[in-house]
Amino acid sequence: MTTTLPPNWNWQDSAECRGTEVVLFFGPDGERQPEREIREREAKAVCAGCVVRPECLAYAVSRPEKYGTWGALNEDERASGRRRVTRRANDERKAAERDDGEAA
Ligand code: SF4
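Residues numbered from 1 in each chain as written. Predicted model: local features only at pLDDT ≥ 70, side-chain atom pairs only at ≥ 80, totals over all residues.

Secondary structure summary: the protein chain contains four helices and zero strands in total. The N-to-C order of helical and strand elements in the protein chain reads α-α-α-α. Relative to the 2.2 N^0.38 estimate, which gives 13 Å for 104 residues, the radius of gyration of the protein chain is 18 Å and therefore markedly larger than a compact globule would have. C-alpha atoms of the protein chain, sized along the principal axes, occupy 60 × 45 × 25 Å. Taking all 104 residues of the protein chain together, the buried fraction comes to 12%. For the protein chain, the share of sequence-separated contacts (at least 6 apart) that also reach a separation of at least 24 residues comes to 49%. (Helix = DSSP H or I, 4+ residues; strand = E, 2+ residues; numbered from the N terminus. Rg over C-alpha atoms; globule rule 2.2 N^0.38 Å. Buried ≥ 20, exposed ≤ 12 C-beta atoms within 10 Å, placed from the backbone. Contact = placed C-beta atoms within 7 Å.)

The structure is reproduced here in C-alpha cells:
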C-alpha cells in the first residue's frame, strides 16, 4: 500500500511577503504593461530578501502556478523556464536514442 504525504507548507511561515498586499504579487485586472513592470519590480524586491525563495519557486513551478510573482519570477519567466527544461530533456532523450542507434 502506498501512502501519499500531504504537501509541506511550512516554508510559507517564513515568507517575506507575509502581510503584504496580495495585489503586489498578482496585480489587478486590466493592469497596463508599464504599471505591471513597476509592480513586478517591487514584488521581486521583496522576494530578493526572502529566505524561502527556492521553496516558493519550486512550489510554483511544480503546480504549475499560472499567475503571479513567485520566487522572484513572474508567470512568463516561469513558463519560459519550463519550456527550456522540457527542450533540454527532449534534446538529451534524442541524443541518447541516436547513441543507442549507432551502437546497435
Ligand atoms: S519568494 Fe517572494 S512570493 Fe515567494 S514566499 Fe518569498 S516573498 Fe513571497
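Among the 14 residues in the neighbourhood of the ligand, the closest are listed as Ala15, Cys17, Cys47, Cys50 and Cys56. Only α2 (33-48) and α3 (53-62) provide two or more residues apiece to the shell around the ligand. Tallied by class, residues from the shell around the ligand come to 10 nonpolar, two polar and two charged. (Near = placed C-beta within 6 Å. Nonpolar A, V, L, I, M, F, W, Y, C, P; charged D, E, K, R; others polar.)

Attention now moves to the environment of Val85. Its location among the elements puts Val85 in helix α4 (residues 75-103). Along the sequence, Val85 and Ala58 sit 27 residues apart, while their C-alpha atoms lie 13 Å from each other.

This brings us to the environment of Asn74. Secondary-structure assignment places Asn74 in the loop between α3 and α4. The spacing of Asn74 and Phe26 is 48 residues in sequence and 9.0 Å in space, taken between C-alpha atoms. Contacts of Asn74, omitting those with residues within four sequence positions, involve Glu40 and Thr69.

Another point: α2. A turn of α-helix holds 3.6 residues, and therefore any two residues three or four places apart point the same way. Helix length check: α2 (16 residues) gives 22 Å between terminal C-alpha atoms against 22 Å at 1.5 Å per residue, within 8%. Within α2, the full set of buried residues consists of Glu40, Ala43 and Cys47. On an axial view of α2, the arc spanned by its buried residues comes to 65 degrees, and they lie on one face. In α2, those exposed residues whose orientation departs by more than 90 degrees from the buried face are Pro34, Glu35, Glu37, Ile38, Arg41, Ala45 and Ala48. Taken together, the buried residues of α2 touch α1 (23-26) and α3. (Expected span 1.5 Å × (residues − 1). Arc of directions from axis to C-beta.)

Turning next to unusual backbone geometry. Along the chain, Arg63 connects to Pro64 via a cis peptide bond; the corresponding omega equals -10 degrees. When you line up the elements, Pro64 lands in the loop between α3 and α4. A positive phi is found at Ala72, a non-glycine position, where the angle reads about 70 degrees. Note that Ala72 resides in the loop between α3 and α4. Given 17 C-beta atoms within a 10 Å radius, Ala72 is considered partly exposed.

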